[in-house]
Every structure is written in structure tokens, then in C-alpha cells.
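Inside the fold
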Amino acid sequence: MVAIGGAEPGPLRQPAVFVSATDGPWSEPDTWVSGGVPQAGDAVVIEHRVTLSGSAVVGHSPATSGGDGTPAVQVALTGELLLDEDASLQCRGDIKLLGRMTVGAGAVLEIDASQADSPADTVYRIAIETTPGEELTALLTADGRVDKPCSIRANTGGAPARILASYAASPQSGSPGGGRILADWCTFSHFGDADTTAWHFNATVAGSEVRIADCRFERFGTIFINSEVAAGASVRFERNRWQDSRPTPTYDQRANILTFKSDDGATAILRGNWFDELVYLMWTRDAEIEHNVFNRGVISHANEWGGGSWRTFEHNLIRQRTDGGFGMTYGRSFNNNVYVMDHQERNPHFFSVKALSGQAVVRGNIFWLSGAITDEDEGDGVFPGGPDSGDAEDNRIVMERNIVLPNGNGPDGPNNLSATLFTILTEHANKQVVVRRNTVFTSVRGGCNIGETLPTLAGNVAYLKSNLFVGDRDNRGYKLRNLDYAQIDAVLAEDADYNACYRCLDGSNHVGAAGKGYHELSFSGSTDIGRHDIDDVDPQFVDWTRTPASWDAHLGGSGTMDGAAERLKPHGTNTINEMMTYIREGFRPQNLQLEQAGDPDDGSPDIGAVNIGGDADIDGDADIDGDADIDGDADTDADGDADTDGDGDTDTDADTDVDADGDTDADTDIDSDSDADADADSDGDPDAGPDSGSSDALGDGSGGCGCRVIAGSKERGGRRLMRLISG
């Protein structure tokens, strides 16, 4: 750590205000109008380009607590203050930036209230304030390096400091474009507390940019975006780590460390971050939220706040510590995430889909309730709520290739339901669910539930096929259950078929040799539901005990969620994709009765979320995120390789071989656009269906068009399925 020092003012010397006279070194008397060099107790006004090498102390405490309204350091609109490599500046007072300030590699900027008359009550500010009518000149830059990070901190002997978007008294006021920081490899510490936010900024004008990359936040409070990131503005948080955070209650009155907001047309990115406290996605239109670890969960309301209207939400680990609070809107997707309800909860609610309109996609996710439940209850995965406009065909929720794990009791434990795959408990005629190729551990409460609280209307369940359900140890599983209020033809018998269930109850709709697990459903026409189902057949999973926690044990850890999360910190050796790969591989069936036994109109896929053969990646390209890195540029370090962790090695992102057999099929890889093994069926052609002859860019029989079109062996049924799963 760089030591900070400087001469204290002598007893006969009065503090002065030093104003720059020209560009030059801080330590040269000629740089300042009055000659001499600023010392402790002095204030400085910088109107030129001044470079500090070595160390310096400025500021008016201990003379007065909080000062006299004059910043200890003020950088004028024309000025720039550079802390050279390994330099240090200790500031006993406010900093006001109208111009620019840069903290170089290894340098330390310290805000120090420890010498004030009342240190615990003296809060100094770094105010980054734009000037009306001028360009966006106000900027704090941290230019650390991987081998030499810099530091921006408050001295722990005094109150935490704050970073604001203006010098105004109101904590949430701020100039347009104010509060801007560009930081690489920097540690921010001791800003904000449980009563005051740590950093406010405004990205309300086009061209405004905030970028925080490869940084650490220690003992840091809430970061608050005063207004939505505007169209043409950019806010990026990438590969940062928070620890010992000090969350502040905001808006929802739930303590969080980041309130993230963005408007349509903005560049708003949360990628590769590790959050130790709750994050509030208050308004995230057009945001890209990928490869993050949310250790205390997420608040994201799917309502007028638009928290769930992101552009992408993919490859994240959510450890929700309390129930509820997470939702997304129609027209968006929730793909390839690990979502853990990491607490003891008898009836967990994972998330809802409502508001706006368009097709919603819930695809390739892993859902788990980590707690061991002693009493029986249902638990709810996805709540299909009401869209704002459009008809049922406009507002489909497509759920495919998801795995709902048994809860903390394990697959052979009692009451082992984590949640239903979906529960419909609101009455809306303009929505439908399409459910295909999921693996769901179920119970007597149901694998998929309808008719709870309010009527499920005719046609709300448009398609339920090629899914694999597994009951509990007492053989009490259901596929689809009406809890009470489902109307006639909530699902047609012909639209629930080609599913499989192991350890299932008969259900009241069971007729003949197949079709177990459907309960209390009513039909106006055929009642022959599940006529092609495969029941009472053990799927013979590779290892059905796998969970996010067991992944940690598999790698030699304690076998806990804390251990698993620790492995996923930025610049580490493990990734969320590796965790998903490990879990999905465990739930690969080995029973060949499930192979190509799914819906023929869907190309006769394997039943369940994971293929029996070697092409178990969902989209088929051997790279989960399509670019072999986590930031979209295939290179996150300085040497041009595909390094995702900043240590100069090659990509750690499960790109070419993510299974155990050494080939490049990326077996449980889930997000892509070209077939990894060019042979997803038994006939050797690059299509996913039984010798359909079409080329396949999605690895699932879509014909390679790039849309969610499902090729079918029956023209009529295939066309219907195209309409159901299109986009």
C-alpha cells in the first residue's frame, strides 16, 4: 500500500488557496500563481494541467469540521489534475470536479475526515459536476492495471465519503451527465453507509459514458443512477467485485447496493460482476445482464417500473435469499441462468411474467430450492401473468429445456419439490404457455399447475409435449394438475402428449395404458390425453443428485452455495457455464426409451431437457454464449487472446469441450447458433429430426432459419407448431 504523508502547516502559517498559473508539476512553485507549493490545510484551484508525483496533503480540516464551503480541491472547466503512477493525494475536504481528474496506476486518492472536529459526522464529497452549455468535461478516471491497481478511498478514521453528480446539497440532485467515472482495475472503499448512498450519477444526455471494469468495491454503499440511462448514453459495469457492502434502502425499501436503470436505445451493461448484496433492476429497458453472480438476489418488477424489460438476461447465478420480488415482461427472455432459492421456504415463488406484450422465452435454466422442506407445499416456478395488449398468439410464454431440480431433500427425499415449472393463477384470455422438452421433479402438488386462485381459461396451455417429469420417492408425481378453477379446454387433450413420467400418480384423467399424471382436467372433445406418453420408466440419469452446491464439492470444496459462489468471482478459474455444464450432464437420461420419443411434429426429439446422445447443448454450437468470452469482444486482456479473467490465459468459458468425454460437442452447453457436432440424430445428417434432410443452425430441428421454428414430420402439425413457437 502506498503511504500518504505531507507537512502539516506550521503554527505561524495561515492556510491559503493555491491557484494554478500554468501547466506543470504540483511540486514546482512556478506552477502556482503565488509561488510555493500547497500543503496540508491549503486549498487548490486547478485551471491548467497539473501533475502530482510523489505525495501531497491538502484540505482545511482540522481547522473546521466540514470546511467553510470551499472545496479542498477544485478542478475548473479548463483544468486537469493527474495523479502520476504510484502518487498519493490525501484530501481533507471536498473535491469539486468541473474538469478532469485522473488517478494513475498504483496511485491513491484518499478522502480524509479523520482530523475533523467530529470525524464520525463529517462527510466529504467528490462532486463531478457538468456545466450547462459546455461539453461533458467533468470526469474522474481511474487508470489502474492488472499488475498495479489504483485506489480511491475514504480514511476509515472518519465518516464514509460520497461521490455525487453535483456540488448541490440534495443527495439525489445532479447535473446532466454528472457523476461520471471511467475506471479500470481500481479499488473503491469506505463510501456511503446504511443511511446515505455512496455514488450518484446521471447518464441523462447522449454521449455520457460511465464504465467500471475489473474493479473492487469494499465497504461501499449503494450506487444509484439518478435517472434512466438515456438513449445514446453508455453505462457499463464489467467483471467487478463487491465485498463487505453497505446496502441502502431505496424505493422498494429493501436494502440494495445497486439501483440500475436504463431507457430504450441506451448502452446499459451488467456483465461478469459479483455482487455480495441485493441488486435492484428498477428500469432496465435495453439492458444486457449476463454472467453475473447475484449473491443476495435481485429485485426486478415486471410492471410500470419496467425492471424486467431487459434486452438479455443470460448466464447469471441468482441466489435469492428472500422470496419473490423478481419478474420479467412479455417480449423478453430469461435464458441459461442458475436460479437458486437459497433459503428455507415451504412455498417459494421464483418469478412472474407480466406487462408489455410479445413472446417471452424461459429457456435452458436450472431452478433449485436449496432448503430441505419438512411439510408439503407446491412452490411456484414461473407465474404467467397478464400482458398489456395483444391476443393470446401475440403473448406466448415459451418454456423449454429447463431443469427443475429436487429441493434440498434430494431426489429420494420426502417432499422434494423445488417448484412447479409454471403455475397459472391469474385470469387472462390473451396469454398462452408453450412447454416443451423440460425436466421437472414434481410431487403430489403438481409438475405444472393451473386453476389456482382464479380461472385458467380455455387455450391458456397451448402446448405441453416432450417433457420429462419425475415424482418423489413415494411415487407421487403429476405432470399437469388443475388445482380448482381451470375451465374446460384450458388444455386440449391433443396438446398434452409425448411426455414421460417416472414415479407418477395415475391422475383422474388417466385412461388406458398411457397418460398418467394429468389430474382434474376437463375437455369438450377428446379426453384421450397423453396417449403417446411413456410412463413408469426410469430415465436412468447420469447423476440426479447434482446441484450448484455439489458442484463445489466435486471441485474439492465444502459443498455449499457459499463455496460455489466463491469459485465464480471475477478473474477466477471457474465460470457459471461450467457449473451449468456439470449439472445438466448429471440429468442426461441414459434410458433409450426416451430417445427420439418426443413429439413427431417437433422432429421427434429426445424427451427432457438434456439429450441422450452427445449433442446435449441446447442450441448446438459448443460455446454457451456464442463468443467464447464474457464481454462480447473475444478479448478481455491486453495481449489479444480470448481471456475472460484478466490473468493472461486463454478463455475459461467452456467453449469447445464442456463435457467429460474430451470431444467438442459441448454437451450441456446451452446457447448458440450452429450445430456443434453436425449429427444430432441417428442418420448422420446435420438436422435434428429423423432424417428430415434440412440443415439445422439451432441443433433442434429448426431448419437453420435463426428463428424459433420447429420442423415437423407432419405438415399440418408442423405448421401449427411453427405458429406456436416462432420469433
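Residues numbered from 1 in each chain as written. Predicted model: local features only at pLDDT ≥ 70, side-chain atom pairs only at ≥ 80, totals over all residues. Heavy atoms only, no water.

What to know about the overall build of the protein chain
In terms of regular secondary structure, the protein chain is built from 4 helices and 53 strands. Only carbon and sulfur atoms are counted for the fraction: they give 47% of the accessible area of the protein chain, which is about 24,200 Å². (Helix = DSSP H or I, 4+ residues; strand = E, 2+ residues; numbered from the N terminus. Areas by Shrake-Rupley, 256 points an atom, 1.4 Å probe, with all protein chains shown as cover.)

What to know about unusual backbone geometry
Positive phi is not limited to glycine here, since Arg437 has a value of about 60 degrees. Of note, Arg437 is situated in the loop between strand S44 (432-436) and strand S45 (439-441). Even without being glycine, Tyr498 reaches a positive phi, approximately 55 degrees. Secondary-structure assignment places Tyr498 in the loop between strand S50 (496-497) and strand S51 (500-502). Under the relative-accessibility criterion, Tyr498 is labelled buried at 13%. (Buried < 20%, exposed > 50% of the residue type's maximum accessible area, 1.4 Å probe, protein only.)

Let's talk about the sheet that holds strand S38 (residues 349-353)
Within the open sheet, the 3 strands sit side by side as S35-S38-S41. Their pairing is parallel. This sheet does not close on itself; its edge strands, each paired only once, are strand S35 (327-328) and strand S41 (380-384). With 2 bridges joining them, S35 and S38 adopt parallel strand pairing. Each residue of the ladder has a partner; that of Gly327, found in S38, is Ser352. (Pairing = 2+ DSSP bridges.)

Let's talk about helix H3 (residues 576-586)
Among the 11 residues of H3, 10 are classified as buried, and the element is accordingly described as predominantly covered. Of the positions making up H3, those classed as buried are Ile576, Asn577, Met579, Met580, Thr581, Tyr582, Ile583, Arg584, Glu585 and Gly586.

Structural notes on the state of the cysteines
By the definition in use, this model includes 1 disulfide. The partner cysteine of Cys501 in its disulfide is Cys504, sulfur to sulfur 1.4 Å. Between Cys501 and Cys504 the sulfur-sulfur dihedral comes to about 45 degrees; the bridge is accordingly right-handed. Each of the two residues, Cys501 as well as Cys504, counts as buried. Unpaired in this structure, Cys215 has its nearest cysteine sulfur neighbour in Cys186, at a distance of 5.5 Å. (Disulfide = S-S within 2.5 Å.)

Observations regarding the nonpolar core
Among the nonpolar cores identified, the biggest contains 117 residues, and Trp26, Phe334, Phe351 and Phe422 are the most heavily contacted of them. Setting aside chain neighbours within four positions, we find Phe422 in contact with Val382, Pro384, Met399, Val433, Val435, Gly447, Cys448, Asn449, Ile450, Val461, Leu464 and Leu480. Ranked by size, the runner-up nonpolar core spans 35 residues in total, among them Trp274, Leu317, Ile403 and Met561. (Core = buried A, V, L, I, M, F, W, Y, C linked by side-chain atoms within 4.5 Å. Contact = heavy atoms within 4.5 Å.)

Description of the side chain of Gln320
As for its position among the elements, Gln320 is in strand S34 (residues 317-320). At a separation of 2.8 Å, a polar atom in the side chain of Gln320 contacts the main-chain carbonyl oxygen of Val298. Ignoring anything within four residues of it in the chain, the contact list for Gln320 reads Gly297, Val298, Phe326, Tyr339, Val340, Met341, Asp342 and His343. (Polar contact = N/O pair within 3.5 Å; in protein donor to acceptor, adjacent residues only side chain to side chain.)

Quick notes on the confidence of the model for the protein chain
A low pLDDT score tells you not to read the predicted coordinates there in detail. Per-residue pLDDT for the protein chain has a mean of 83; in total, 79% of the residues score no lower than 70. Predicted confidence for residues 63-67 stays below pLDDT 50, and this span has 10 contacts to residues more than four positions away or in other chains. Within the model, the stretch residues 619-716 combines pLDDT values under 50 with 259 contacts to residues more than four positions away or in other chains. (pLDDT = per-residue confidence, 0-100.)

Looking at the sheet that holds strand S52 (residues 518-519)
Taken in spatial order, the 3 strands of this open sheet run S46-S49-S52, and their pairing is parallel. Where the open sheet ends on each side, the last strands, each with one partner, are strand S46 (448-450) and S52. Of the strand pairs in this sheet, strand S49 (residues 480-482) and S52 are connected by 2 bridges, and their pairing is parallel. Within S52, the position partnered with Arg481 by the bridge is His519.

Comments concerning the environment of Ile269
Turning to its location among the elements, Ile269 is positioned in strand S27 (residues 267-271). Along the sequence, Ile269 and Thr284 sit 15 residues apart, while their C-alpha atoms lie 9.6 Å from each other. Dropping the residues within four chain positions of it, Ile269 is found in contact with Val235, Arg236, Phe237, Glu238, Phe260 and Glu288.

Re the pattern of salt bridges
Following the criterion strictly, the structure yields 38 salt bridges and no others. With a closest N to O distance of 3.1 Å, Asp94 and Arg125 form a salt bridge. Here Asp94, found in the loop between strand S8 (88-92) and strand S9 (95-97), pairs with Arg125, found in strand S12 (residues 125-128); they are 31 residues apart in sequence, far enough to count as distant. Here Asp94 falls in the buried class, since its relative accessible area comes to 6%. For the salt bridge of Glu288 with Arg271, the shortest nitrogen-to-oxygen distance reads 2.8 Å. Placement of the pair is Glu288 in strand S30 (residues 287-290) and Arg271 in strand S27, with a sequence separation of 17 residues. Residue Arg271 is classed as buried on the basis of its relative accessible area of 5%. (Salt bridge = Lys/Arg side-chain N within 4 Å of Asp/Glu carboxyl O.)

Some words on the packing of aromatic side chains
Under the definition given, this model contains 34 aromatic pairs. Taken together, a centroid distance of 5.2 Å and an interplanar angle of 10 degrees make the contact between Phe188 and Phe217 stacked. In this pair, Phe188 is assigned in strand S17 (residues 186-191) and Phe217 in strand S20 (residues 216-220), connecting sequence segments 29 residues apart. Per residue, the accessibility class of Phe188 equals that of Phe217, and both read buried. Where Phe217 meets Phe220, the ring centres are 4.9 Å apart and the plane angle is 70 degrees; that geometry is what we call edge-to-face. According to the relative accessible area criterion, Phe220 is buried, its value standing at 0%. The side chain of Lys569 reaches across the aromatic face of Trp274, ending 4.5 Å from its centre. (Phe/Tyr/Trp six-rings, centres within 6.5 Å; stacked < 30°, edge-to-face > 60°. Lys NZ or Arg CZ within 6 Å of the ring centre and 35° of its normal.)

A short note on the environment of Ala233
As for its placement among the helices and strands, Ala233 is situated in the loop between strand S21 (223-225) and strand S22 (234-238). With relative accessibility at 1%, the residue Ala233 sits in the buried group. Sequence-wise, Ala233 and Ala203 are 30 residues apart; in three dimensions their C-alpha atoms are separated by 6.2 Å. Filtering out sequence-adjacent residues up to four positions away, Ala233 remains in contact with Ala203, Val205, Ala206, Gly207, Ser208, Ala266 and Thr267.

Description of the pairing of strand S11 (residues 108-111)
Of the two faces of S11, both are covered, the one formed by Val108 and Glu110 as well as the one formed by Leu109 and Ile111. Pairing analysis gives 4 bridges linking S8 to S11, with the strands arranged parallel. Looking across to S11, one finds that Leu89 is bridged to Leu109. Here 4 bridges tie S11 to strand S14 (residues 150-154), and the two strands are oriented parallel to one another. The residue bridging Leu109 from the neighbouring strand is Ile152, located in S14.

Structural notes on the pairing of strand S3 (residues 43-46)
The alternating pattern of S3 places Ala43 and Val45 and Val44 and Ile46 on opposite faces, both of which are buried. Inspection of the sheet shows strand S1 (residues 17-19) paired to S3 by 3 bridges, in the parallel sense. Along S3, the bridge assignment pairs Val19 with Val45. In this structure, S3 lies alongside strand S6 (residues 73-75), joined through 3 bridges in parallel fashion. Residue pairing in the sheet places Val44 in a bridge with Val73 of S6.

Quick look at the side chain of Asp94
Only 2.8 Å separates the side chain of Asp94 from the side chain of Tyr167, close enough to count as a polar contact. Setting aside anything within four residues of it in sequence, one finds Asp94 in contact with Pro71, Ala72, Val73, Val123, Tyr124, Arg125 and Tyr167.

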